[in-house]
Structure formats: C-alpha cells, structure tokens
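Analysis of the macromolecular model
Each chain, written out:
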Amino acid sequence: MQTGFQNLNPAVSFVYLLLAVILSMVLLDPLLLMLGLVFVFGWCLLEKCALDGSLLWITGTGLFVLLLNPLLNHRGRTVLFYFFENPVTLESFLYGFTAAVSIMTVFLIFMVYNRIITPDKFMFLFSKRLPRTSLLIMMCLRFIPALQQQYRELSGVQRVKHPVGRKRRRRETLQEAFRLLTLLFSGAICGAIETAQSMRARGYGVYARRTGWREQRLTAADLLASVYILCTFLGTIGLWYGFDLKQDFFQTGWQPLGQPAIYIAAGFFYAFPILTEGVERLKWSFSNWNS
Amino acid sequence: MAKKLILPVLVIGVLVLAYTLFLEKYYLPVSFLIILLSFLPFLLRFERQERGAEEILLLAILASVAAVGRVPFAALPSVQPTTFVIMMTGIVFGGESGFIVGATAALVSNLFLGQGPYTPWQMFAWGLLGLLSGVLFRSPSSRRMPLLCLAGFVYGFLFGWIMDTWFVLAGFGGAESYLAAYAASTLFNLNHSICNVVFLLLFYQPFYRVLERVKVKYGLLSENRFYS
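Cut-offs and rules
- Chains are numbered independently. Their residues run from 1 in the order of the written sequence.
- Key to labels: chains lettered from A, ligands numbered from 1, both in the order written.
- Side-chain atom pairs in this predicted model are given and counted only at pLDDT of 80 or more, local residue features only at pLDDT of at least 70, and totals for whole chains, interfaces and linings cover all residues.
- For the purposes of this entry, the term helix denotes a DSSP run of H or I that reaches at least four residues, the term strand denotes a run of E that reaches at least two, and both are numbered from the N terminus.
- Each residue is classified by how many other C-beta atoms fall within 10 Å of its C-beta atom, where C-beta atoms are placed from the backbone; a count of 20 or more means buried, 12 or fewer means exposed, and values in between mean partly exposed.
- Residue pairs qualify as contacts under a 7 Å threshold applied to their C-beta atoms, which are placed from the backbone.
- Every angle, taken between N-to-C directions, lies between 0 and 180 degrees, and every axis is a line fitted to C-alpha atoms, over only the stretch in contact when it is a helix.
- By definition in this entry, angles of less than 35 degrees are roughly parallel, angles greater than 145 are roughly antiparallel, angles of 65 to 115 are roughly perpendicular, and the rest are oblique.
- By convention the crossing between two helices is left-handed if the near helix lies anticlockwise of the far one by an angle smaller than a right angle, and right-handed if it lies clockwise.
- In this count, Pro and Cys sit with the nonpolar residues alongside Ala, Val, Leu, Ile, Met, Phe, Trp and Tyr, while Asp, Glu, Lys and Arg are called charged and the others, Gly among them, polar.
- Domain borders in the structure are assigned automatically or taken from a domain database.

Moving on, we come to the overall build of chain A. A count of helical and extended segments in chain A gives ten helices and two strands. Put simply, chain A runs from its N terminus to its C terminus through helices and strands in the order α-α-α-β-β-α-α-α-α-α-α-α. By the burial criterion, 30% of the 291 residues in chain A qualify as buried. Restricting the contact set of chain A to residue pairs at least 6 apart, pairs at least 24 apart contribute 74%.

Below, the structure is given as structure tokens:
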C-alpha cells in the first residue's frame, strides 16, 4: 500500500530527492545540516528503510570523516592539543563535523531513494526522453536474474555428471569452475543474438517510436507539492546565497547564521515528506473516528 | 528550431552554474555536475546512432555479465570480474561500447546493491576504463598478454583513485588528504589489480574468441560495416 510521499508523481518525488541532495551538499553549516539529518532520518524510519545494516556503516563513515579531518587538516587558530607534534584544531573538528553530517545525510537520502524510486518509476521517468538507453537498462534488469538462474542450472548439471563419493582434487574443481564460466558467457552471448533476432521478427525497429504506458496523472496534490517544494527550496537557497551565509571555519570559527529565517525555510523543506505522511495518518484516524 | 536549441542552452547553463559554484568553493556539487555532463556525448550518440536489435542486446548482455559478476563478490572488497568484462568489451568492440557497458554495469548493479552518491562516480570510472581499453588496444597487434596484464594492473589503481577522489571531495579538503587517501587505499587497489590480472590470464583467450566470433559472424559493432 502506497501512502503519502510514495503516492506522488515520480517526477515530483525524484526532483524532491535531487534537491534534497543538493541542499545537503551546499548548506555547509553544522546546525542547518543537523536539522536536515534529523528530518531525513525520521523520514527513513517512516518509510521503513532497511536500516539495520546500513546504519552501522553510515555512522562509521561519518565518524571516520569526523575523526580523520583534524589529523589531516592543521589550519585554524584554536589549538586543542598536539598529536605527534601536529596541532589539532577546534576549527578542523568543526569542519569535519559539518562534512560528516553532510555525507551521512546524503547517504540516508539515497536509502530513501532506493525505497521510493522503484525500477518501474525510474523507467517511467526516463523512457520517453531516452528510449534506447532505458531499453538497455530494462533488459539488463531482466538479464541479471536470468543469468543467475542459468548459472545455478549449469552448475547443477555439472554436479550431477560426476559420480558421488569420489573426492575431487582441487585442480579438477578449478578447471570445472573455469569451464562453467566460459560456458555461461558463450551461452549468454548466443542467447542474446537469438533474442535479438526474435525481437526483429516481431517488428522491433520497424517503427521509429516506441511507446510505454503507466497509469499516472498529474493530480492537484502533485501540483501543490511541487509549489511547496519549489518555494521552500528557493527560499532556503536564496537566503543562503543572498546573505552570503557561507563561513570559512578556518578563518572565523562558527557562529549561528545571521538569518534565523533560513533555519525555518530549510526545516519546512526537509519536513515535507514527514508532513505529507502525517496528513495522511491524520485523515485515516479522523475517518475512523467519524464512523 | 527551438527544439534544437534546448540542449546547447541547457549545457551552457549547467557549465555556468558549475563555474559559479566552483568560484564559491562548492567542489562536491561541481564534480557531480561535470561527471553527469561527461556522460552526455556517449548518451546522445547511443540514442541517435543506427543500431540494430542485435547490437543493443549484445551491449545489454555484456553489461549484465559485468554486473552479475559484482553481486556475489559484494562482500569481498575490490574483488570482481566486472573490470575484466568491461575491458574485454572495450578491446573487441571499441571504446564507445566499452564506455556504455561500463557505465550501464555500474548503474544496473547498483539497482540491486543499492544506489548511493557514489553511483555516478562508479559509472564514470568503469566507463572510462572501457573507453581506455578501446583506445589503447585498438590495433590487434597490441593485444599481447604482458601489455594487457599491465593495463589491468594499472586499471585497478586508476579505478580506486577515482573513487577516492569523490570521498575526499565529500569529506575532506586540501592536497594532503588526497595523498593520504590514495596511500590508504593501496591494499584495496592492489586486490583489484591482482584480480584483474588473474582474470586476464585465465579468461582472456576464451572470452576473446567468443566475442570476436560474434562480431565477425554477425557484423556487430565493428567500425567497418561491410556486412551489416
């Protein structure tokens, strides 16, 4: 069952994800990025992304960036302590923290991307403009499971061919694996040619244009969502550039940004998926309450 | 008329945007813009060239073989036959096909393994290796085993360094961090290099024979199209 953000037009959700990645790379301010990270993390939880394994390595990457930065970067005024005669500065910690939060946010956004932009939505987005490329990708998506299946079948046949009970030498096993891979490869190539000839026989390439169809209308909700997304994004980016809010940590250290409005604008931008989901849940609970 | 202008205007717009971002020292977004732009010529040529169904299918199956090789080895860092398959494509079918197969393999395997901000970089790195193989081993007389192995060895490091670059751009800054990252990844890159050389030594002959046979028999993806 798709709800909230997943129900939006793929184009709208794709653009939102793209803009979120851009904002997370451009707004280099620790407090702003933390705000983004919290909201994106909440979104991940709402969408039930498979976070258990990934959370570990995402945090690991963040820690790695945070801890390694002070060791590599020695610029900055406030020296905290010396590490093997190299100064470790507060500013480089700040920079490392900002970069770490930025990277973690981008990774989390991609986790949600994997959940929301399913391969069929991906095809819907690109098959009209780039028909041949999307055909190529589509066929690869089919071939990969097919090849894995073929590999299992081939190795099964090879196993059956050998008498049970005799322990094979390592050299034989290796030779077998070698032959198996070559077989799989040449079989795949021949299969591809055959498929192509069958496609041609059914008229592929006779008509210049290929069309595809997926039930997808631009609804009022989509329009509303795009207006909201654009307004908050442009507001944030406009404030950031308009007031030149980027700070060089190594020169000046960190201060809270001069325009508190940017925190509000960015907050509304990042909160968008949670808001849509929340509205749906509210509707659901009210509909139960009425009846 | 207006339709023809869309693309150049778009490209120039992206370049101007990248330049302003570069002046403001937002290096990470700039790098993504430039990487995506670098796909454009290959993408356009692929879309516009006359290609039969056989050629698209062949590219698709090569990309799938490359991608499939990556999935079972995902737990072992840097060990995969993907680079080898992309290299073979570049050698037999030319650099352009090599780029397409490399980029597609990266994109498609990540549809299974999970996309990340590294996807465009992987697409670029593997595409570049395919392109490079096509250019370096254009003439059949240059396809000798020692040279091939040398190329495979260098590719491991090239790929690793390209992937390091994005990570340093994202998380660090400054020249020393690049050197440190390149040095720190040596072990992984060595793994990748050795794996490439082993695959070349074992599988170059049989794979080359299969691909060359298909190419000659069906007249696919070759520069001189007498018989297509």
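Now that the structure has been shown, we can carry on.
This brings us to the packing of helix H4 (residues 82–93) of chain B against helix H6 (residues 119–136) of chain B. All names here are of chain B. Between H4 and H6, whose axes approach to 7 Å, the crossing angle comes to 40 degrees. By the criterion of interaxial angle, the relationship of H4 to H6 is oblique. Crossing handedness for the pair H4 and H6: right-handed. Mapping the contact onto sequence places Thr82, Thr83, Ile86, Met87, Thr89, Gly90 and Ile91 in H4 and Trp126, Leu129, Gly130, Leu131, Ser133 and Gly134 in H6. A breakdown of the residues in the contact of H4 with H6 according to their chemical character gives six nonpolar, seven polar and no charged.

The interface is formed by 45 residues belonging to chain A together with 44 residues belonging to chain B. Put simply, the parts of the chain that give the side of chain A that touches chain B at least two residues each are helix H1 (10–26), helix H3 (52–72), helix H4 (90–116), helix H6 (131–161) and helix H7 (170–201) of chain A. Here the side of chain A that touches chain B takes 13 residues from H7 of chain A, the largest share from any one element.

Right, let's get into the domain arrangement of chain A. Domain annotation of chain A identifies domain 1 (4–119 + 219–285) and domain 2 (124–161 + 170–201). Taken over C-alpha atoms, the centre of domain 1 of chain A sits 40 Å from the centre of domain 2 of chain A.

Another aspect to go through is the environment of Ala170 of chain B. Residues and elements named next belong to chain B. The topology assignment puts Ala170 in helix H7 (residues 145–171). According to the C-beta neighbour criterion, Ala170 is buried, with 22 such atoms within 10 Å. In this structure, the C-alpha to C-alpha distance between Ala170 and Tyr26, residues 144 residues apart in sequence, is 10.0 Å.

Before going further, it helps to examine the environment of Trp240 of chain A. Residues and elements named next belong to chain A. Tracing the sequence through the fold places Trp240 in helix H8 (residues 220–242). Spatially, the C-alpha atom of Trp240 lies 8.8 Å from that of Gln259, the residues being 19 residues apart in sequence. Look past the residues within four positions of Trp240 in its chain and what remains in contact with it is Leu27, Leu245 and Ile262.

Once that is clear, we can look at the packing of helix H3 (residues 53–70) of chain B against H4 of chain B. Residue and element names in this part refer to chain B. Contact pair H3 / H4: the axes reach a minimum separation of 8 Å and the direction vectors enclose 165 degrees. Here H4 runs roughly antiparallel to H3, going by the angle between their axes. Both H3 and H4 take part in a crossing whose hand is right-handed. Residue-level contacts link Leu62, Val65, Ala66, Gly69 and Arg70 of H3 to Thr82, Val85, Ile86 and Thr89 of H4. Among the residues forming the contact of H3 with H4, the class breakdown is five nonpolar, three polar and one charged.

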